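The chain contents come next:
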Amino acid sequence: MSARPENAPVPTRLDDYRAPAWRVDTVELTFDLGIDSTEVVARLHLQRDPAQDQPLRLDGEGLELLAIALDDHPLDAGAYRYAENVLEVDGARDGSVLETRVRLKPAENTALEGLYLSGSREAGFLLTQCEAEGFRHITFFPDRPDVLAKFTVTLRADRTRFPVLLAGGNPDGAGELDDGRHWARFVDPHPRPSYLFALVAGRLEKLERDYVTADKRAVKLVMWSEPNVIDRCHYALDALERSMRWDEQTYGRNYDLDVFHVVATHDFNMGAMENKGLNIFNAKYLLADPDSTTDDEYRGVEAVVAHEYFHNWSGNRVTCRDWFQLSLKEGLTVFREQSFSADMNSAPLKRIEDVALLRRAQFTEDAGPLAHPVRPSEYREINNFYTATVYEKGSELVRMIAGRLGREGFRRGMDRYFERNDGRAATIEDFLDALGSANDIDLSPYLAWYAQAGTPRLKAHGRYDSSRREYTLTLSQHTPPTHGQPHKQPVPIPVKLALFGQDGRMLALHLDGRAASQGNEAVVILDRAEQDFVFRDVDQPPVPSLLRGFSAPVILECDYTPKALALLLTHDPDGFNRWEAGQQLAALAFDALRDGTGNAAVDAWCGALSALFSGESVDAALLADLLTPPGELVLADRQLEADPSRIHELRRVLQQHLARRLGAEPLYQRYRTLAAQTTIDLDAASQASRRLKRCVLELLAMVDPERAYMLASSQYDQAPGMTDRLAALGVLVRAQAPQATTALAHFRARYDDNALALDKWFMVQAQIPGEPALERIKALESDPKFTLKNPNRARALLGVFASANPSGFHRADGAGYVFFAERLAQLDALNPQIAARLATAFNGWKRLEPVRREAARLAMAHLLARGDLSRNLGEILGNMLQD
Ligand code: TRP
Ligand code: ZN
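It should be emphasised that the depicted structure is a prediction, and the values quoted were computed from it without experimental measurement.

Chemist: Sorry, what's going on with the nonpolar core here?
Modeler: Judged by nonpolar contacts, the single largest core of 214 residues is most densely connected at Phe 431, Phe 535 and Leu 627. Ranked by the residues each element gives to this core, the list is headed by helix 5 (residues 388-421), at ten residues. Sequence-distant contacts of Phe 535, defined by excluding residues within four places in its chain, comprise Arg 469, Glu 470, Tyr 471, Leu 473, Leu 497, Leu 499, Leu 509, His 510 and Leu 511. In this structure, Val 24, Leu 33, Leu 155 and Leu 165 belong to the second largest nonpolar core, which totals 47 residues.

Printed below as a string of structure tokens:
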């Protein structure tokens, strides 16, 4: 087979890490910006590692080299070589200055990595994306995170076309040039890796605010966007200010430049990017207004603004030695964001949301052919490793450690981590070391968590001895093998627990071997394959509430009876565990429906929820979550040979049981009460009531569809904001109700010029379940507003279809796979990062029933056989098909 060389590159291995032979002390960059052609002059002040005798080698991809000089002498053609993305230069010494001039073509860059154009040629603007290895698409450089340099950046461009010129760091002068051109300079006093470089140039509008840090630095906070949407930046600006205060109060971390710029773009591969002093955001995570943004999306904006801001310390001031350490910044920053969001909103709801995401995205990843450790040991394409495992599981690991150290101990450890590693490129070991040594605790056992793929199974078995009044809890762990890791070792698993009496009250805990009583809640750590924990003075056989707050990212296997789960669902004061008991009970009910093994679990689930539904004790938002059974992807994980259409059907049957038990009339009455309270406010109570209203409407549609569609239709017409409007539209469209057509046409016309709202129009239709989905997707592709070139749009239609609509995508005839594989090939030619990411939708293929499994395999194998795929997509498909 004649694969392109980059299709089968040698993998990069953690064990092969070598410190750089050449570093860059300072770099001066000058850009002459243009849409079709941009010239970049780079002056690198080089440092040689005397211990290594290596020629100067710099990364550079797709660069047109116009000039090169060493120590101000132009180089002869024989004195350098540029091949296979490496520039090798002869004669460089310690202290040498290398100057290169290259040409880039931003308008031709559809991969959205390096320097590219966002929007149209006429109105769009130029921007950069450098993480992880985009800087080499801009200039020659040792493009690796352990080379920290001081950056001075000068931008020059036509003033009318590019009135705003921005780069990271502090502003350091600006002025006029000839021919209607102008310039602006930025200097960053903090040495930083190349992946944090950024520039933006174009016609942008701003929203600004003065901020004074706790340590008294005056900072200008500036949000930038295209002029027509600048009014939608207020919420993000508020969220930024909240994040800055929170990091000062919680971690004692202050911002460290005079300006903080944030720019919104509609053309972006991921969520956002933490470039030093110049964050760049996918507009989806920056723009917000009630008319086009749902409650969930508002929380998404707040979370991502916080995430990128927190990177200024966890990522930028302390960066990663190499990309294997990615979770050092991402896992930690996700954890910091989760704690912040929990403080700003409802902590239990945030936890439920995060764990649901972990299960949906990370547990499924860990159970499939793409499973990898939080710190992988090798990769071919680093962009493929910005995964749920590195981010979400990585955050869970930090959470376990934080829990182990306690609030004050964790803060002490973090202070030490920042102190020791400030201005450095660090490793996971540095992190554990700082946290451990500040608390005199050896955290090295947690390294096993970072090195092992797969989700550990935690087995719990309880025995009550009435004569001794003792309860013995036996905990054991087992991690199933993953590719390349046949044998797993035990990891430390903190299990936060409580015991409940049969009346639903928590019992006082007297854990054998511990001096004092533990109150009602204790944490035990299972760090061996199996261990017993004995509780004394227990008067009755208790019901254990385990892994409270989801104290470890494991799958709990406990032989709970439906009755015991119903007791926890009804009584557990830990909001998370109450939800968790409900999820487990719903899963048991699902299994029983599937296997025809009786109604005990279904009755217990519906009975407990119906009591909670008619009572007043549960907050509306939590109630909505309790009433929602696990999603189809999570349910599929319980099957060895999954049939997604059957799972979809059974889940609906389960919901119908619940709806019938709650009753059509009570559901209707509750809907009316909630509808009467409708506001457009963003406070917790208003959000909670919208959330419950949506859930009630969905359940009503299960038992009284006619009435539910009428209510949905008028909710659509009268909705004061996007949350209610989209909820109503979703009910109509997913059910293919007669009223759906008018509502869709109305939505399409109303939001014709609002890209983020229009994405939702595509998304909601991509979720039509079952057979009809594919035809609809194909029809939507010919909508004039559909394009593969815009990642948000491609994700909205194709990504949602393949990843969030199992019964639509996994057709028994395989047509979903064939269609999707064709689109992946087209996307890959434009934007390999997006193609590779969407391809992970095939992740669960090995656990499909045989007919679909074979169809999926064939579609992937055909695609891979093309031989012209990018390294990104090639690696994903290659891993997907490995045995
Ligand atoms: N570092 C970014 C974050 O998590 C994510 C990121 C990595 C990214 N690579 C990217 C964003 C490429 C956009 C494009 O905050
Ligand atoms: Zn991040």
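Chemist: Can you help me understand the site of ligand 1 in this one?
Modeler: Neighbouring ligand 1 are 14 residues, the closest being Glu 131, Glu 274, Glu 308, Glu 330 and Tyr 391. Contact between ligand 1 and Ala 272: an oxygen atom at 3.5 Å from a main-chain N or O atom of the residue. Contacts to ligand 1 include Lys 329, whose side-chain N or O atom sits 3.4 Å from a nitrogen atom. Contributing elements (two or more residues each) for the shell around ligand 1: strand 20 (272-273), helix 2 (295-310) and helix 3 (326-344). Here the shell around ligand 1 is built from residues that sort into six nonpolar, three polar and five charged.

Chemist: For this particular structure, what's the right way to read the coordination of the zinc ion (ligand 2)?
Modeler: Metal coordination angles have textbook ideals: 109.5 degrees for a tetrahedral set of four donors and 90 or 180 degrees for an octahedral set of six. The zinc ion (ligand 2) binds to the protein through His 307 (NE2), His 311 (NE2), Glu 330 (OE) and Glu 330 (OE), with metal-donor distances spanning 1.9 to 2.8 Å. Viewed at the metal, the six donor atoms of the zinc ion (ligand 2) are separated by angles of 48 to 160°, and the geometry they form is irregular. On the primary sequence, the residues serving as donors to the zinc ion (ligand 2) are separated as H-x3-H-x18-E.

Chemist: Honestly, the sheet that holds strand 7 (residues 80-83) in this entry has me stumped. Any pointers?
Modeler: Backbone-to-backbone hydrogen bonds pair the strands of a sheet. The strands run either parallel or antiparallel. With respect to topology, three strands assemble into an open sheet ordered 4-8-7, the strand pairing being antiparallel. Sheet topology places strand 4 (56-59) and strand 7 at the edges, where each strand pairs with a single neighbour. When strand polarity is set aside, the average angle formed by the axes of neighbouring strands in this sheet is 15°. Sheet topology places strand 4 next to strand 8 (residues 86-89); four bridges connect them, and they run antiparallel. Bridged to Leu 58 within strand 8 is Leu 87.

Rules behind the numbers
Residues numbered from 1 in each chain as written. Chains lettered and ligands numbered in written order. Predicted model: local features only at pLDDT ≥ 70, side-chain atom pairs only at ≥ 80, totals over all residues. Heavy atoms only, no water. Core = buried A, V, L, I, M, F, W, Y, C linked by side-chain atoms within 4.5 Å. Buried < 20%, exposed > 50% of the residue type's maximum accessible area, 1.4 Å probe, protein only. Helix = DSSP H or I, 4+ residues; strand = E, 2+ residues; numbered from the N terminus. Contact = heavy atoms within 4.5 Å. Near = heavy atom within 4 Å. Polar contact = N/O pair within 3.5 Å; in protein donor to acceptor, adjacent residues only side chain to side chain. Nonpolar A, V, L, I, M, F, W, Y, C, P; charged D, E, K, R; others polar. Donors = N, O, S within 2.8 Å, 3.2 Å for Na, K, Ca; no water. Tetrahedral: all angles 85-135°; square planar, octahedral: opposite > 155°, others 65-115°. Pairing = 2+ DSSP bridges. Axes fitted to C-alpha atoms, helices over the stretch in contact; angles between N-to-C directions.

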